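Reading the structure
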Amino acid sequence: MSTIENQTPETGTARVKRGMAEQLKGGVIMDVVTPEQAKIAEDAGAVAVMALERVPADIRKDGGVARMSDPDMIEGIIEAVSIPVMAKSRIGHFVEAQVLQSLGVDYIDESEVLTPADEVNHSDKWAFTTPFVCGATNLGEALRRIAEGAAMIRSKGEAGTGNVVEAVRHLRQIKNEIARLRGYDNNELYAAAKELRAPYELVKEVAELGKLPVVLFSAGGVATPADAALMRQLGAEGVFVGSGIFKSGDPAKRAAAIVKATTFYDDPKIIADASRNLGEAMVGINCDTLPETERYANRGW
Amino acid sequence: MTDAPVIGVLALQGDVREHLIALAAADAVARPVRRPEELAEVDGLVIPGGESTTISKLAVLFGVMEPLRARVHAGMPVYGTCAGMIMLADKILDPRSGQETVGGIDMIVRRNAFGRQNESFEAAVDVRGIDGHPVEGVFIRAPWVESVGAGAEVLAEHGGHIVAVRQGNALATSFHPELTGDHRVHSLFVDMVHANRATES
């Protein structure tokens with residue numbers, strides 16, 4: 001028989017935070033701005049929705065400061081669906097994160113898509129019961145976020161562009177750096193930690209595992225079923241799709257098609273079928289004409 | 001090694017990798033299953049944790065649901081964790097519109113019964129049939145079993161709610177042994193697959 005002490009449930013442990021992300025693997029997380037969109041996403045087979053006021057493409061267009069969404073709007077989406085609901089806080093804005101936790105969101109995205117609130121520090125994510133996902137462009141950035149308590153990482157890409165090129169760059173960068181660590185001996189790992197500006201213990205763990213100690217998704221520019229399958233073949237364990245769905249001609253159909261292609265990412269026939277007659281994709285932006293100051297991926301440190 | 005049973009993990013969505021690792025550690029040959037023809041080749045199947053609505057939709061869409069029901073009905077050993085438990089329930093208390101299950105266990109489940117992610121927790125659980133110390137139960141937006149029929153055996157409870165059930169060759173837990181590194185529940189399931197093969201041959 002177990003002791004009474006053992007039977008006291010413990011919430012907010014690293015295992016339940018990271019384990020939650022494990023349950024999302026192989027799935028698609030979709031940006032939604034209304035309860036109706038959330039239902040469309042759920043019906044299409046999304047594993048979670050990201051509740052926000054404006055999709056990244058509109059944040060780009062509107063300019064100005066982008067902040068946490070209205071609690072009423074987030075609660076409306078929580079009420080509308082049974083799948084997990086995520087929401088975004090600004091980088092370093094731990095009070096927005098406290099508010100999101102109090103609303104009962106299932107995951108907080110400390111996101112570069114919103115305007116950063118602190119240009120030096122990210123939020124201390126260990127201080128929360130609600131788990132966090134954070135963006136990264138390289139391994140060092142990913143490990144710094146994990147050191148701060150992130151329970152899930154997404155490669156950043158360039159949100160709101162409908163252009164997958166930056167998502168590919170960042171995921172390849174992270175995977176290549178992990179592969180390089182695998183070849184290092186113990187002596188080299190100390191210098192590697194210094195170069196990566198990440199804690200030695202995490203660097204050592206990644207070298208041993210050959211992967212991050214948390215789930216790795218891809219984000220920022222996925223607009224088609226083939227884009228989603230590409231990111232999966234490159235090693236992403238799932239995908240975030242932001243503007244790509246609800247900025248397209250037929251969101252319900254495109255959403256379902258991206259879900260299919262994410263599960264059967266290695267089967268070109270299924271991806272071909274999923275890609276048929278989807279209507280207009282979002283227009284998209286060429287990232288090489290995007291000024292440095294408008295690159296969200298540069299936010300975060 | 002020819003004796004090792006082949007056990008599939010339904011790989012439409014969810015924590016497939018962790019189940020593959022746990023099954024291999026419990027001396028089974030583990031492989032992902034996404035298609036009807038892959039299902040036909042396994043001696044038993046694990047339905048992993050994930051989003052039950054997503055898994056259910058994809059199973060119907062890709063023609064796995066009907067063959068899976070047929071095999072479970074015919075007695076193929078099957079083990080479901082969390083979303084997998086929901087898939088094995090004959091009835092869901094609060095299904096989303098059109099959400100189908102495989103069935104196999106005469107029970108009614110309540111989805112996300114323990115709450116949202118902020119209420120997700122770890123607790124020690126005594127599981128009937130698992131010797132030694134209690135199992136580390138990792139409950140993530142977990143379901144519980146509201147009630148079971150006469151044919152289903154309750155294997156564990158937490159806080160007065162049923163969290164593990166077995167009926168014949170079907171096993172289900174609300175929690176995730178695959179996330180703990182303790183493979184005793186998977187060993188129990190591998191033993192069920194061995195026993196089933198012995199009766200079939």
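Bear in mind that the values here come from a model prediction, so they are computed numbers and not experimental data. Positions within a chain are numbered from 1, following the residues in the order the chain's sequence is written. Both sets of labels track the order of writing: A upward for chains, 1 upward for ligands. For this predicted model, a pLDDT threshold of at least 70 governs which residues receive local features, and a threshold of 80 or more governs which side-chain atom pairs are given and counted, while totals over whole chains, interfaces and linings are taken from all residues. Hydrogens are left out, water is left out, and the side-chain values use all remaining heavy atoms of the structure.

**Some remarks on the interface of chain B and chain A**
In many reports, interface size means the accessible area that the parts give up when they come together. Across the boundary between the two partners, chain B contributes 42 residues, which contact 49 residues of chain A. Values labelled buried area give the accessible surface lost by two parts on being combined, using a 1.4 Å probe and summing over both. Between chain B and chain A the total buried area reaches about 3600 Å² when both faces are included, carbon and sulfur atoms providing 49% of it. By convention in these notes, a salt bridge is any Lys or Arg side-chain nitrogen within 4 Å of a carboxyl oxygen on Asp or Glu. Our count for the chain B to chain A interface comes out at eight salt bridges. Linking arginine 15 of chain A and glutamate 136 of chain B is a salt bridge whose minimum nitrogen-to-oxygen distance equals 2.5 Å. Counted as a polar contact is a pair of N or O atoms within 3.5 Å, where, for protein atoms, one must be capable of donating a hydrogen and the other of accepting one, and residues adjacent in sequence contribute only when both atoms are in side chains. Viewed at the interface, chain A and chain B are joined by 29 residue pairs in polar contact (both at pLDDT 80 or more). Where helices and strands are cited, they refer to DSSP runs of H or I of at least four residues and of E of at least two residues respectively, numbered from the N terminus. For the side of chain B that touches chain A, the elements supplying multiple residues, two or more each, are helix H1 (16-25), helix H3 (52-61), strand S7 (121-125) and strand S8 (135-139) of chain B. Amino acids outside the nonpolar list (Ala, Val, Leu, Ile, Met, Phe, Trp, Tyr, Cys, Pro) and the charged list (Asp, Glu, Lys, Arg) are all regarded as polar, and Gly is one of them. Residue composition of the side of chain B that touches chain A, by class: 13 nonpolar, 13 polar and 16 charged. Strand pairing is assigned whenever DSSP identifies at least 2 bridges connecting the two strands. Two strands pair when backbone bridges link them, and strand S1 (residues 10-11) of chain A and S7 of chain B are joined in this way by two bridges, in the antiparallel orientation. For glutamate 10 of chain A, the partnering residue across the bridge sits in S7 of chain B and is glutamate 122 of chain B. Here, residues are in contact when the closest pair of their heavy atoms is within 4.5 Å.

**Here's the deal with the UniProt feature "active site" (unreviewed entry) in chain B**
UniProt positions are given in the numbering used here, feature names are shortened, and annotations may be inferred rather than shown by experiment. Per the UniProt entry, the sites bearing "active site" (unreviewed entry) are Cys82, His176 and Glu178 of chain B in this numbering. The greatest C-alpha distance among the residues just named is 11.0 Å, despite their covering 97 residues of sequence, which places them together in space. Mapped onto the secondary structure, histidine 176 of chain B falls in the loop between strand S12 (170-173) and helix H6 (184-200). Three labels apply to residues, based on accessible area from a 1.4 Å probe with only protein chains included: buried if under 20% of the type maximum, exposed if over 50%, partly exposed otherwise in between. The exposure class of histidine 176 of chain B is buried, given its relative accessible area of 0%. Once you skip the residues sitting within four places of it in the chain, histidine 176 of chain B turns out to touch Gln23 of chain A together with Asp15, Gly49, Thr81, Cys82, Val138 and Ile140 of chain B. Inspection of the secondary structure puts glutamate 178 of chain B in the loop between S12 and H6. For glutamate 178 of chain B, a relative accessible area of 6% translates into the label buried. Those residues in contact with glutamate 178 of chain B that lie beyond four places of it in its chain are Gln23 of chain A together with Asp15, Glu18, His19, Gly49, Thr81 and His186 of chain B. Polar contacts involving the side chain of glutamate 178 of chain B include one to the side chain of histidine 19 of chain B, which spans 3.4 Å.

**Points about the sheet that holds S8 of chain B**
An order of S1(A)-S7(B)-S8(B) is seen for the three strands of this open sheet, with the pairing classed as antiparallel. Two strands in the sheet have a free side with no partner beyond their single neighbour: S1 of chain A together with S8 of chain B. Packed onto the sheet, helix H1 (residues 14-22) of chain A meets S7 and S8 of chain B and runs at close to 55 degrees relative to S8 of chain B. For helices, the fitted axis covers only the stretch in contact; all axes are lines through C-alpha atoms, and the angles between them, taken along N-to-C directions, range from 0 to 180 degrees.

**Thoughts on the UniProt feature "active site" (unreviewed entry) in chain A**
Residue and element names in this part refer to chain A. Within this structure's numbering, the places UniProt gives as "active site" (unreviewed entry) are Lys88. By relative accessible area, lysine 88 is classed as buried at 8%. Excluding its chain neighbours within four sequence positions, the residues that come into contact with lysine 88 are Met50, Ala51, Leu52, Met68, Leu100, Asp109, Ser111, Val113 and Leu114. Among the polar contacts made by the side chain of lysine 88, one reaches the side chain of aspartate 109 at a distance of 2.9 Å.

**Examining the pattern of salt bridges**
If you walk through the whole model with that rule in mind, you get 36 salt bridges over all chains. Arginine 154 of chain A is paired through a salt bridge with aspartate 109 of chain A; the nearest N and O atoms lie 2.9 Å apart. In this pair, arginine 154 of chain A is assigned in strand S7 (residues 152-155) and aspartate 109 of chain A in strand S5 (residues 107-111), connecting sequence segments 45 residues apart. For glutamate 148 of chain A, the salt bridge is made with lysine 125 of chain A, and the minimal N-O distance between the two is 2.8 Å. Residue glutamate 148 of chain A is located in the loop between helix H6 (139-147) and S7, and its partner lysine 125 of chain A is located in the loop between S5 and strand S6 (132-136); the two are separated by 23 residues in the primary sequence. When salt bridges that share partners are traced, they join Glu22 and Lys25 of chain A together with Arg17 and Glu18 of chain B into one network.

**Topic: the UniProt feature "binding site: D-ribose 5-phosphate" (unreviewed entry) in chain A**
Residues and elements named next belong to chain A. Per the UniProt record, "binding site: D-ribose 5-phosphate" (unreviewed entry) is found at Asp31, Gly160, Gly221, Gly242 and Ser243. Look at the named residues: they lie 213 residues apart in sequence, but the longest C-alpha span between them is just 12.3 Å, so in the fold they bunch up. As for its placement among the helices and strands, glycine 242 is situated in the loop between strand S9 (239-241) and helix H11 (243-246). According to the relative accessible area criterion, glycine 242 is buried, its value standing at 16%. Examined against the element boundaries, serine 243 turns out to sit in helix H11. Sequence-distant contacts of serine 243, defined by excluding residues within four places in its chain, comprise Asp31, Val55, Pro56, Ala57, Gly160 and Met282. One polar contact links the side chain of serine 243 to the main-chain amide nitrogen of alanine 57, over a distance of 3.1 Å.

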